[in-house]
Amino acid sequence: MEGTHTMSEQPAVPLTPPVPLAALLAREDLALRQIAGPADAGTVLHGAHASEMADPYPYLLGGELLLTAGVHVPEAAGTYFDDYVSRIVAGGGAALGFGVAPVHDTVPRALVAACEAYGLPLVEVPPQTTFATVARAVWQLMERARTAELRRVTEAQQSLASAAARPDPVPSVVRRLALRIGGRAVLYGPGGTEIATAGGPPDADGSLSDLAHRLVSRGSTTASDTTPTGAHLTAYALSQDFVLAVATPAHAPGDHTIASVAAVLLTLLTGTQETGSGTARTSALVRLLLGATPEEVAPLLGGGDRWFVVHASPTERREHAHPGARGPVDVRLRRGARSATTHPHPPDQLTATTLGAALGSPLLDLTADVVRVLVPADRPPEPQPGWTLGVSDDVPARHLATADAQASRALARARATRTPLTRHTPPRAFTSLLPPGEAEDHARALLAPLAATPALRETLRTWLSLHGSWDRTAVALAVHRNTVRQRMARCATLLGTDLDDPDVRTELWFALRLIDQ
């Protein structure tokens with residue numbers, strides 16, 4: 001039967017787990033023995049309660065091991081045991097423990113027959129075992145189960161938090177959740193699209209998808225259901241029509257807590273993190289389209305007067321590879337090297353949004369392989385796991401186009417040097433001692449032969465910044481090293497100079513820095 005409820009109706013921490021009756025029977029010091037009723041491994045106890053009432057029904061909460069010495073049994077029993085056992089079953093009792101001595105030397109046969117008839121496990125308690133000892137054993141087992149479950153939940157929370165810090169946080173959290181609950185987890189996006197799935201068999205019959213759809217259509221926070229096979233389904237509403245749905249073989253006490261932690265993390269990861277209201281951002285866009293200047297609309301974004309521009313791309317991983325190895329890894333081997341470059345998947349909207357949240361800004365633009373983020377100057381960007389960042393100088397809004405170019409060059413340098421974060425450094429030193437107008441005029445005249453071919457000037461700049469390294473320049477520009485050599489040869493021809501001369505390199509570098517700062 002499907003049920004829908006709010007988060008508040010679920011416990012914040014797992015309830016005390018029940019313990020199997022078999023675990024109690026396995027205690028050799030108690031010498032307990034089941035003599036009637038089904039030997040079902042699924043029989044569990046939620047507590048132990050001693051009572052000599054002829055009708056224990058009003059005092060049962062359900063799931064107890066009811067302990068009795070038979071003081072209440074009349075001499076002429078008749079149908080007494082049938083009535084007695086039926087009331088225990090009606091009250092939800094899990095099992096009956098009958099103490100041998102001091103009232104009865106043996107367990108009455110009529111009681112054994114009644115327990116068999118009603119399917120109630122009957123346990124014989126020997127004279128040397130007191131009811132207090134049995135009750136204490138039950139509580140000890142429950143406490144151990146409680147401690148184990150709390151440890152499981154704590155470890156799961158830490159594991160999920162760690163997954164949320166990975167470069168691919170959304171699928172990582174979903175995978176870790178499925179592993180920790182021993183079931184299946186699916187994250188649905190707007191329109192019911194599967195964003196990430198992990199664990200268990202595919203949702204062939206659409207049970208999880210149906211539950212997620214009902215949750216969204218009813219506007220509820222959570223919903224649960226049970227399949228004909230006994231699997232427990234739960235769906236959690238996240239932000240912006242995202243839904244997390246999980247399926248577990250059983251309903252362990254800690255499963256809801258673990259899934260709730262994952263739901264909170266996924267809500268943060270899929271939600272829009274805004275520094276200003278959506279209305280203000282829309283207003284800023286409209287004003288730009290209608291002719292306002294960037295400095296006029298920048299205050300609407302809540303970022304102050306100055307901004308960083310950040311260019312980010314997923315970090316390439318270096319892996320060990322044997323020469324001649326084949327597979328999905330793109331191997332670049334030189335001079336007998338045994339390293340391989342694994343190219344990451346292009347960033348998607350969720351990972352880009354997560355990066356923006358980590359940098360403290362929702363103002364981002366996702367391209368094929370680069371994420372561009374506008375970050376207020378009071379939040380200097382820091383390295384982010386799984387990302388390579390190029391950061392501009394902090395500039396006023398009217399110079400954002402210049403900062404965009406700075407960030408692009410910084411990212412290229414970061415990629416080439418395999419540095420997590422590279423910042424643009426404005427030109428200083430000797431160039432600052434020159435009259436600005438004369439120095440810029442000389443720089444433009446010096447580089448005029450390259451003006452018609454921006455690719456040559458960019459290659460020259462990158463090559464000089466990387467100390468004349470062909471390989472690093474090729475990586476930074478994403479071209480073949482032979483292309484770099486051909487371009488540099490063309491630069492030398494057009495400029496009519498020797499690029500191996502350190503004086504020439506220095507003058508060209510100063511000129512490029514003056515023009516492109």
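Residues numbered from 1 in each chain as written. Predicted model: local features only at pLDDT ≥ 70, side-chain atom pairs only at ≥ 80, totals over all residues. Heavy atoms only, no water.

> Explain the overall build of the chain here, please?
The helix and strand tally for the chain stands at 16 helices and 21 strands. Looking at the chain as a whole, 43% of its 517 residues qualify as buried. Of the contacts made within the chain by residues no fewer than 6 positions apart, 63% connect residues no fewer than 24 positions apart. By element, 55% of the accessible surface of the chain is carried by carbon and sulfur atoms, the whole surface being about 26,200 Å². (Helix = DSSP H or I, 4+ residues; strand = E, 2+ residues; numbered from the N terminus. Buried < 20%, exposed > 50% of the residue type's maximum accessible area, 1.4 Å probe, protein only. Contact = heavy atoms within 4.5 Å. Areas by Shrake-Rupley, 256 points an atom, 1.4 Å probe, with all protein chains shown as cover.)

> I'm lost on the packing of helix H14 (residues 470-477) against helix H15 (residues 481-495) in this one. Help?
For any two helices packed against each other, the geometry is given by the interaxial angle and the distance between the axes. One can describe the packing of H14 onto H15 by two numbers: an axis separation of 8 Å at closest approach and a directional angle of 105°. In terms of orientation, H14 and H15 fall into the roughly perpendicular class. Contacts between H14 and H15 pair Trp470, Asp471, Thr473, Ala474 and Leu477 from the former with Arg481, Val484, Arg485, Arg487 and Met488 from the latter. Within the contact of H14 with H15, the residues separate by chemical class into 5 nonpolar, 1 polar and 4 charged. (Axes fitted to C-alpha atoms, helices over the stretch in contact; angles between N-to-C directions. Parallel < 35°, antiparallel > 145°, perpendicular 65-115°, else oblique. Nonpolar A, V, L, I, M, F, W, Y, C, P; charged D, E, K, R; others polar.)

> Just checking my understanding: could you explain the side chain of Ser172 for this structure?
Summarising the element assignment, Ser172 is placed in helix H5 (residues 169-181). According to the relative accessible area criterion, Ser172 is buried, its value standing at 3%. In this view, Ser172 contacts Ala163 and Arg166; residues no more than four positions away in its chain are not counted.

> Just to check I follow, could you spell out the side chain of Asp225 for this structure?
Tracing the chain through its elements places Asp225 in strand S11 (residues 222-226). According to the relative accessible area criterion, Asp225 is buried, its value standing at 16%. Engagement of the side chain of Asp225 in a polar contact is seen with the side chain of Arg214, the distance being 3.2 Å. (Polar contact = N/O pair within 3.5 Å; in protein donor to acceptor, adjacent residues only side chain to side chain.)

> Help me understand the packing of aromatic side chains, please; the structure alone is not making it clear to me.
The geometry of two aromatic rings is summed up by the distance between their centres and the angle between their planes. Applying the stated rule across the entire model yields 3 aromatic pairs. Ring centres 5.7 Å apart and planes at 75° place the aromatic pair Tyr80 and Phe81 in the edge-to-face group. For the pair Tyr80 and Phe81, one class covers both residues: buried. Relative to Trp470, the ring of Trp463 has its centre 5.6 Å away and its plane inclined at 40°; by these criteria the two rings are tilted. Overall, the relative accessible area of 2% leaves Trp463 in the buried class. Accessibility expressed as a relative area gives 22% for Trp470, which makes it partly exposed. An aromatic cluster is built from Tyr80, Phe81 and Tyr84, whose rings are joined through pairwise contacts. (Phe/Tyr/Trp six-rings, centres within 6.5 Å; stacked < 30°, edge-to-face > 60°.)

> Just to check I follow, could you spell out the sheet that holds strand S3 (residues 33-36) for this structure?
In space, the 5 strands of this open sheet follow the order S3-S8-S7-S6-S5, with mixed pairing throughout. A single partner strand is all that each edge strand has here, and the edge strands are S3 and strand S5 (47-50). For this sheet, the mean angle separating the axes of adjacent strands, direction not counted, is 30°. Bridge analysis of strand S6 (residues 64-68) against strand S7 (residues 95-99) gives 4 bridges, and the strand direction is parallel. The residue bridging Leu65 from the neighbouring strand is Ala95, located in S7. Those strands touched by helix H4 (residues 131-164) are S5, S6, S7 and strand S8 (122-125), and its axis lies near 165° from that of S5. (Pairing = 2+ DSSP bridges.)

> Any chance you could explain helix H11 (residues 400-417) here in plain terms?
Along an α-helix, residues three or four apart share an orientation, since each turn contains 3.6 residues. Between its first and last C-alpha, H11 extends 25 Å over 18 residues, near the 26 Å set by a 1.5 Å rise per residue. Along H11, the residues that are buried comprise Leu400, Ala403, Gln406, Ala407, Arg409, Ala410, Leu411, Ala412, Ala414 and Ala416. At the C-terminal side of H11, Arg418 shows a positive phi close to 55°. (Expected span 1.5 Å × (residues − 1).)

> So what exactly am I meant to see when it comes to the confidence of the model for the chain here?
It should be kept in mind that the predicted coordinates are not to be read in detail where pLDDT is low. Put simply, the chain has an average pLDDT of 82, and 85% of its residues get 70 or more. Predicted confidence is poor over residues 272-276, with pLDDT under 50, and the contacts of this stretch with residues over four places away or in other chains come to 13 contacts. Considering only residues more than four positions removed or in separate chains, one finds that residues 319-341, a stretch of pLDDT under 50, has 33 contacts. (pLDDT = per-residue confidence, 0-100.)

> For this particular structure, what's the right way to read the pattern of salt bridges?
In a structure, side chains of opposite charge can pair up when their charged atoms sit close to one another. The final tally for this structure, using the stated rule, is 13 salt bridges. In this structure, Arg87 engages Asp55 in a salt bridge whose closest nitrogen and oxygen atoms are separated by 3.0 Å. Residue Arg87 is located in helix H2 (residues 80-90), and its partner Asp55 is located in the loop between S5 and S6; the two are separated by 32 residues in the primary sequence. In this structure, Arg505 and Asp500 form a salt bridge, with 3.8 Å as the shortest nitrogen-oxygen distance. Overall, Arg505 belongs to the partly exposed group, its relative accessible area being 24%. With a relative accessible area of 59%, Asp500 lands in the exposed category. Taken together, the shared-partner salt bridges connect Glu149, Arg152 and Asp255 into one network. (Salt bridge = Lys/Arg side-chain N within 4 Å of Asp/Glu carboxyl O.)

> How do you make sense of the environment of Glu52 when you look at a structure like this?
Structurally, Glu52 can be placed in the loop between S5 and S6. Of the residues examined, Glu52 reaches a relative accessible area of 30% and is grouped as partly exposed. Between the C-alpha atoms of Glu52 and Val71, which are 19 residues apart in sequence, the distance is 6.1 Å. Residues within four places of Glu52 in sequence aside, it is in contact with Thr68, Ala69, Gly70, Val71, His72 and Phe131. Separated by 2.7 Å, the side chain of Glu52 and the backbone nitrogen of Ala69 make a polar contact. Separated by 3.0 Å, the side chain of Glu52 and the backbone nitrogen of Val71 make a polar contact.

> How should a nonpolar patch on the surface be read in this particular structure?
On the surface, Leu285, Val286, Leu289 and Leu290 cluster together to form a nonpolar patch covering roughly 450 Å² of accessible area. Mapped onto the elements, Leu290 comes out in the loop between helix H8 (278-289) and helix H9 (294-297). (Patch = residues over 30% accessible without salt bridge, like charges linked within 9 Å, V, L, I, M, F, W, Y side chains within 5 Å.)

> Quick question: what am I supposed to make of the packing of H5 against helix H7 (residues 255-270) here?
Contact geometry for H5 and H7: axes closest at 10 Å, N-to-C directions at 175°. Comparing the axis directions of H5 and H7 gives the class roughly antiparallel. Across the interface between the two elements, Pro169, Val170, Val173, Val174, Leu177, Arg180 and Ile181 from H5 touch Asp255, Ile258, Ala259, Ala262, Leu266 and Leu269 from H7. In terms of residue class, the contact of H5 with H7 is built from 11 nonpolar, no polar and 2 charged.

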